[in-house]
Amino acid sequence: MSYFDGKVPPIREDRLKACITYGGTICGLKKKAGGCCFNDGERGFTQGSICLLLPGIAILNSIPDSVVLLHGAIGCGSCAHSQNANVRSGNVQRGGKVKDALWMSTALNENDVINGGETKLEEAIREADRRYRPASIIVVAGCVPGIIGDDVDGVAAKLQPQVNAKILPVHCEGFKTKIWATAYDAVYHALGRNLLEEPEEILPIIPDEIADLKEKYYLERTVNIMNVSSMGRVDELELDRLLRSLGLEVNFFPNFVHPEDIYKVTRAALSISTCPTHDDYFLKYLEEKFGIPYIARHMPIGINNTSSWIRDVAAFFGLEQQAEELIANEVAELEEALGEFKKVFQGKKVYVSAGEMRALANSSLLTELGFEVMGIRAFHHDEFAEVEYEKLTEGGAKDYPLNIANAQPFEEVNLLKRTKPDLFIGHWHSNTTAAKLGIACHVAYNTGLSYIGYQGVYEMARRLYRYLKNPAFNKKISKNIRLPYTEKWYESDPFKYIKTLGGEE
Ligand code: SF4
């Protein structure tokens, strides 16, 4: 039985034994590898976490011609405000039109908690369909319907014959999981259960064998590239350029794909991930149900990672020789262009903080550019990252602190005080913390900038060169702003609040 047969996907704590707590070193984690069952559990003190609604609606709001209907308390999904810039710029970059995310909320209140929220949900679905005539209405369930027992799938099934839009229930009840990456599974679960059916084919009156052969040839060379909401169009175009230069066709999925085109993901020869922790749940299903093999191994950030990513695809199609020629040309040109930058980067210290795959891939890239990695913070850990830890620790590489933390800025600030990097790569609250310490910062992702492929290496180097040439702004900030922590905390063990299973705090 497939996970997709159930209404709700499993949480990652159960499916992957993923975890959010580790305080140690990168080599220490490597020794623990082999499943993600660390002997640690929780923290005795925690500053915050991430609800899976955040990454979930980052993808869902990008789906064109759709209404995202938050079924939950009024605050659930308010992060959509901050994510809207991505949706607007993403729409402009892909279709040339400024278009905002379209989202609504049932704004459940105390009365609904007592009496149930199903009636409100029915009214909201009808209203969304009447007002906007969208291709799909994506009902995202938060904690409240999960706690009071609203039958979101039942309401969707009951209303489906009455509305034009396809109704997709997505289960993002935040209380069920501390691994926010479960959101990817929840989104893919909804797309996989509701939108993969091919539309009925209209056969031509006179059969066209040439067109059929062309279509067959096209599909045999088509690769699904799984995009992520943190990837801008500029990064997609780089991957598109690299695979097309091998004579392959490309289909990006799922961000910014129209509901009526979602099924096209079932018509490819191969799927390749750009972030294995993002995609494994859906790629396994595509293989099981539609026989499409997949590769989920490398994130194409950094020179070696990009080359490995290309080699994987090329090997599947028997294009190894063409791939080696492409890689040799690209890398030679890139290395020449990086020469000036590398002189400035040599020996500079960097701390990296992001989602696990991106944090590790960025660390590989920064090592290639000549930086010394002083520490890494990743938001969670699961088995897909083990290959990246191997790369960073191979050949007796230097050991350094590793923090697996679902936020917890207090641990990060302590580590930054100890490791004293020249540069910080991160996002969310982290860059603010680093800036207040006077450290030059750069965002780990920004959909308007280039990060991926060989072009991403060059563009990243160009930006870092600029920041390091003049870090005066953050240095001035640090002289005028203080962080809310005491000196005593900076002297304490950064991991003192991590509880070990069966042990002391
Ligand atoms: S944790 Fe629950 S209540 Fe909070 S934003 Fe997420 S779904 Fe809403």
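Residues numbered from 1 in each chain as written. Predicted model: local features only at pLDDT ≥ 70, side-chain atom pairs only at ≥ 80, totals over all residues.

## Comments concerning the overall build of the chain
Heads up, the rule is: Runs of E in the DSSP output that reach at least two residues are strands. Runs of H or I that reach at least four are helices, and both are numbered from the N terminus. Based on C-alpha atoms, the radius of gyration is set beside the globule rule, defined as 2.2 Å times the residue count to the power 0.38. Burial in this document is a count-based property: other C-beta atoms within 10 Å of a residue's C-beta are tallied, and the residue is buried at 20 or more, exposed at 12 or fewer, or partly exposed in between, with C-beta positions derived from the backbone. By definition, residues are in contact whenever their C-beta atoms, placed on the basis of the backbone, come within 7 Å of each other.
A count of helices and strands for the chain gives 21 helices and 16 strands. At 24 Å, the chain has a C-alpha radius of gyration in line with the 23 Å of a compact globule built from 505 residues. With the C-alpha coordinates aligned to their principal axes, the bounding extent of the chain is approximately 70 × 65 × 45 Å. Buried positions account for 47% of the 505 residues belonging to the chain. Contacts in the chain between residues far apart in sequence, at least 24 positions, make up 74% of those at least 6 positions apart.

## Focus on the sheet that holds strand S1 (residues 21–25)
The condition that has to hold: Think of it this way: DSSP has to see at least two bridges between two strands before they count as a pair. Only the contacting stretch of a helix is used when fitting its axis, a line to C-alpha atoms as for every element, and angles between N-to-C directions run 0 to 180 degrees.
Read across the sheet, six strands follow the order S1-S13-S12-S11-S14-S15 without closing on themselves; strand pairing throughout is mixed. The two strands at the open ends of the sheet, each matched to only one other strand, are S1 and strand S15 (440–443). Along the sheet, successive strands turn relative to each other by an average axial angle of 15°, direction set aside. Relative to strand S13 (residues 401–405), strand S12 (residues 372–378) is paired through three bridges, and the arrangement is parallel. Of the residues in S13, the one forming a bridge with Ile376 is Leu402. Against the sheet, helix H19 (residues 453–469) contacts strand S14 (423–426) and S15, and its axis sits at roughly 155° relative to S15.

## Considering the domain arrangement of the chain
Inclusion rule: All the domain ranges listed were derived from an automatic or database domain assignment. Note that Gly is not counted as nonpolar here; it falls among the polar residues with everything else outside the nonpolar set of Ala, Val, Leu, Ile, Met, Phe, Trp, Tyr, Cys and Pro and the charged set of Asp, Glu, Lys and Arg.
In terms of domains, the chain is made up of domain 1 (49–194), domain 2 (209–322) and domain 3 (338–500). In this complex, domain 1 contributes nine residues to the contact, which on the side of domain 3 involves six residues. Taken together, the residues of the side of domain 1 that touches domain 3 break down into four nonpolar, four polar and one charged.

## Some thoughts on the packing of helix H9 (residues 182–194) against helix H12 (residues 276–290)
Here is the rule: Working rule for angles: under 35 degrees goes down as roughly parallel, over 145 as roughly antiparallel, 65 to 115 as roughly perpendicular, anything else as oblique. Rotating anticlockwise by less than a right angle from the far helix to the near helix defines a left-handed crossing, while the corresponding clockwise rotation defines a right-handed one.
Close contact between H9 and H12 brings their axes to 8 Å; oriented N to C, the two are set at 25°. In this view, H9 runs roughly parallel relative to H12, as classed from their interaxial angle. The two elements H9 and H12 meet at a crossing, and its hand is right-handed. Along the contact surface, H9 presents Tyr184, Asp185, Tyr188 and Gly192, while H12 presents His278, Tyr281, Phe282 and Tyr285.

## Structural notes on the site of the ligand
Rule in force here: Placing a C-beta atom from the backbone of each residue, we mark the residue near a molecule or strand if the atom is within 6 Å of it.
Close to the ligand lie Cys51, Leu53, Gly72, Ala73, Cys76, Gly142, Cys143, Gly174 and Phe175, which account for all nearby residues. In terms of residue class, the shell around the ligand is made up of six nonpolar, three polar and no charged.

## A look at the nonpolar core
Stated formally: Nonpolar cores are identified as sets of buried Ala, Val, Leu, Ile, Met, Phe, Trp, Tyr and Cys residues joined via C-beta atoms within 7 Å.
Counting residues in each nonpolar core, the largest one holds 137 residues, and the members touching the most others are Val68, Leu69, Ile138, Val139, Val140, Val170 and Val187. Here this core takes seven residues from H9, the largest share from any one element. In contact with Val68, other than residues within four places in its own chain, are Ile57, Leu60, Asn61, Ala101, Leu102, Trp103, Ile138 and Val140.

## A word on unusual backbone geometry
With an omega of 5°, the peptide bond running from Phe253 to Pro254 counts as cis. In this structure, Pro254 sits in the loop between strand S8 (249–253) and strand S9 (270–273). In the Ramachandran plot, Arg133 falls in the positive-phi region, its phi being about 45° despite a non-glycine side chain. You can see Arg133 is positioned in the loop between helix H6 (118–132) and strand S5 (136–141). Look at Gln408: it is not a glycine, yet its phi comes out positive at around 55°. Among the structural elements, Gln408 can be located in the loop between S13 and helix H17 (409–419). Using a count of 26 C-beta atoms within 10 Å as the deciding quantity, one classes Gln408 as buried.

## Thoughts on the packing of H6 against helix H8 (residues 152–159)
One can describe the packing of H6 onto H8 by two numbers: an axis separation of 10 Å at closest approach and a directional angle of 40°. With respect to H8, the axis of H6 lies oblique. The interaxial crossing formed by H6 with H8 has right-handed handedness. The residues of H8 that touch H6, namely those facing Glu118, Leu121, Glu122 and Ile125, are Val152, Val155 and Leu159.

## Here we look at helix H3 (residues 53–60)
Burial analysis of H3 places seven of its eight residues in the buried class, the great majority of the element. Among the residues making up H3, those that are buried are Leu53, Pro55, Gly56, Ile57, Ala58, Ile59 and Leu60. Looking at the buried side of H3, the elements it contacts are strand S3 (66–71), helix H4 (80–95), S5, strand S6 (166–171) and H9.

## Digging into the pairing of S6
Summarising burial for S6: five of the six residues are buried, a large majority. The pairing of S5 with S6 spans six bridges and is parallel. Across the sheet, residue Ile137 finds its bridge partner in S6, namely Ile167.

## Concerning the environment of Val223
Structurally, Val223 can be placed in strand S7 (residues 222–226). The exposure class assigned to Val223 is buried, which follows from the 22 C-beta atoms found within 10 Å. Distance in space between the C-alpha atoms of Val223 and Leu248 is 7.2 Å, their sequence separation being 25 residues.

## Regarding the sheet that holds S8
Overall, parallel pairing links the four strands, which are arranged S8-S7-S9-S10 in an open sheet. Strands with a single pairing partner mark the edges of an open sheet, and in this sheet they are S8 and strand S10 (294–295). Across the sheet, H12 is in contact with S7, S9 and S10; its angle to S9 comes to roughly 165°.

## A short note on H8
Condition: Note that the arc is defined by the directions from the helix axis to the C-beta atoms.
Buried within H8 we find Val152, Val155 and Ala156. Buried residues of H8, viewed axially, fall in a sector of 100°; they line one side. Exposed and oriented more than 90 degrees from the buried face of H8 are Gly154 and Ala157. Check the buried side of H8 and you find it contacts S3, H6, S5, helix H7 (143–148) and S6.

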